Amino acid sequence: MTFRGDTALSVARAGAIAEVTRSVRAGGPPPHALPFFGLDHWSGTRLALLDEIATRGIFRKYEHVLDLGSGLGATTRYMASRLGCRATATARAVDEAMAARMLTARAGLDRQVFHVAAVATHLPFAAAAFTHVWILEVLPRLGESARVLEEAFRVLRPGGHLGVQELVLRLHDDELAGRGFVDDARRRFDLATAGFVEIAHRDVSDGAHEEAAHGQVAWSGLAAPL
């Protein structure tokens, strides 16, 4: 089951990203694996943080990654470009997946990165279909987190790797709860309950903000946040 949002809005956002990218490119080419200078990443955190996730597992062209809730596909394109693997990205709505496909085609990655609209609590994939699953800063937005992790475990091959990057609630603040922040202990419990083992944790808060000049220029040129 998927839902359709405002197709014109999602395509317009993708078009705005492409337009700003063309403008910023005039001052120099984008960094490797960042064809849109990171504008396609909804939270604006540094995509280089994802390199830590890639240390889990050996990536080759035959590896197939599922990137849940990738939206416009920034994380998927970044990791596929860096690692050379195939990747399938899910979006929460058909229009979002369409816009993501447009950006992926412009980046020349449409034979390597694929986009589908899917509900993360009921994934339309066979069991053990992927070698890796990534959930990058979007788990609380995908539905019941415990159920999403169960589905991730189901579609992951035995011995495969799950990479999760989240905004973690450091203090028990009821005002922040429900705004994309999660309790670290609760998430560990959900992971273990879903069947995951050897759970490794690393705090990357210090490097979360994009400080590169080209990234700041690009974001300043985008009229509205994604």
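See the structure above.
The structure presented is a predicted model; accordingly, all values stated were derived computationally and were not measured.

Thresholds, definitions, all that
Residues numbered from 1 in each chain as written. Predicted model: local features only at pLDDT ≥ 70, side-chain atom pairs only at ≥ 80, totals over all residues. Heavy atoms only, no water. Helix = DSSP H or I, 4+ residues; strand = E, 2+ residues; numbered from the N terminus. Buried < 20%, exposed > 50% of the residue type's maximum accessible area, 1.4 Å probe, protein only. Pairing = 2+ DSSP bridges. Axes fitted to C-alpha atoms, helices over the stretch in contact; angles between N-to-C directions. Contact = heavy atoms within 4.5 Å. Parallel < 35°, antiparallel > 145°, perpendicular 65-115°, else oblique. Left-handed = near helix turned anticlockwise from the far one by under 90°. Nonpolar A, V, L, I, M, F, W, Y, C, P; charged D, E, K, R; others polar. Phe/Tyr/Trp six-rings, centres within 6.5 Å; stacked < 30°, edge-to-face > 60°.

Asker: Residue-level account of the environment of E198, with values.
Answerer: Within the fold, E198 resides in the loop between helix 5 (184–194) and helix 6 (213–221). Owing to a relative accessible area of 74%, E198 belongs among the exposed residues under this scheme. Separated by 37 residues in sequence, E198 and H161 have C-alpha atoms that sit 10.0 Å apart.

Asker: Could you give an account of the sheet that holds strand 4 (residues 130–136), naming the residues involved and the relevant values?
Answerer: One open sheet holds the five strands; their spatial order is 3-2-1-4-5, and the pairing between them is parallel. Pairing within the sheet leaves two strands with one partner each, and these edge strands are strand 3 (113–117) and strand 5 (156–165). Across the sheet, the mean angle separating the axes of adjacent strands is 20 degrees when strand polarity is ignored. With four bridges joining them, strand 1 (residues 64–68) and strand 2 (residues 86–91) adopt parallel strand pairing. For H64, the partnering residue across the bridge sits in strand 2 and is R86. The sheet strands contacting helix 3 (residues 94–106) are strand 2 and strand 3, and the helix crosses strand 3 at an angle near 165 degrees.

Asker: How would you sum up the packing of helix 4 (residues 145–155) against helix 5? Please name residues and give values.
Answerer: At their nearest, the axes of helix 4 and helix 5 sit 9 Å apart, and the two run at 40 degrees to each other. In terms of orientation, helix 4 and helix 5 fall into the oblique class. The interaxial crossing formed by helix 4 with helix 5 has right-handed handedness. Of helix 5, the residues touching helix 4 (which contributes S145, A146, L149, E150 and F153) are R187, D190, L191 and A194. Of the residues that constitute the contact of helix 4 with helix 5, the class distribution is five nonpolar, one polar and three charged.

Asker: Please set out the packing of aromatic side chains residue by residue, giving values where relevant.
Answerer: Scanning the model with the defined rule gives two aromatic pairs in all. Ring centres of F125 and F130 lie 5.1 Å apart, and the angle between their planes is 85 degrees; this geometry places the pair in the edge-to-face category. Neither F125 nor F130 differs from the other in exposure class; each is buried. Here F153 and F196 contribute two aromatic rings whose centre-to-centre distance is 5.2 Å and whose plane-to-plane angle is 90 degrees, an arrangement assigned as edge-to-face. With a gap of 43 residues between them, F153 in helix 4 and F196 in the loop between helix 5 and helix 6 connect regions that are remote in the sequence.

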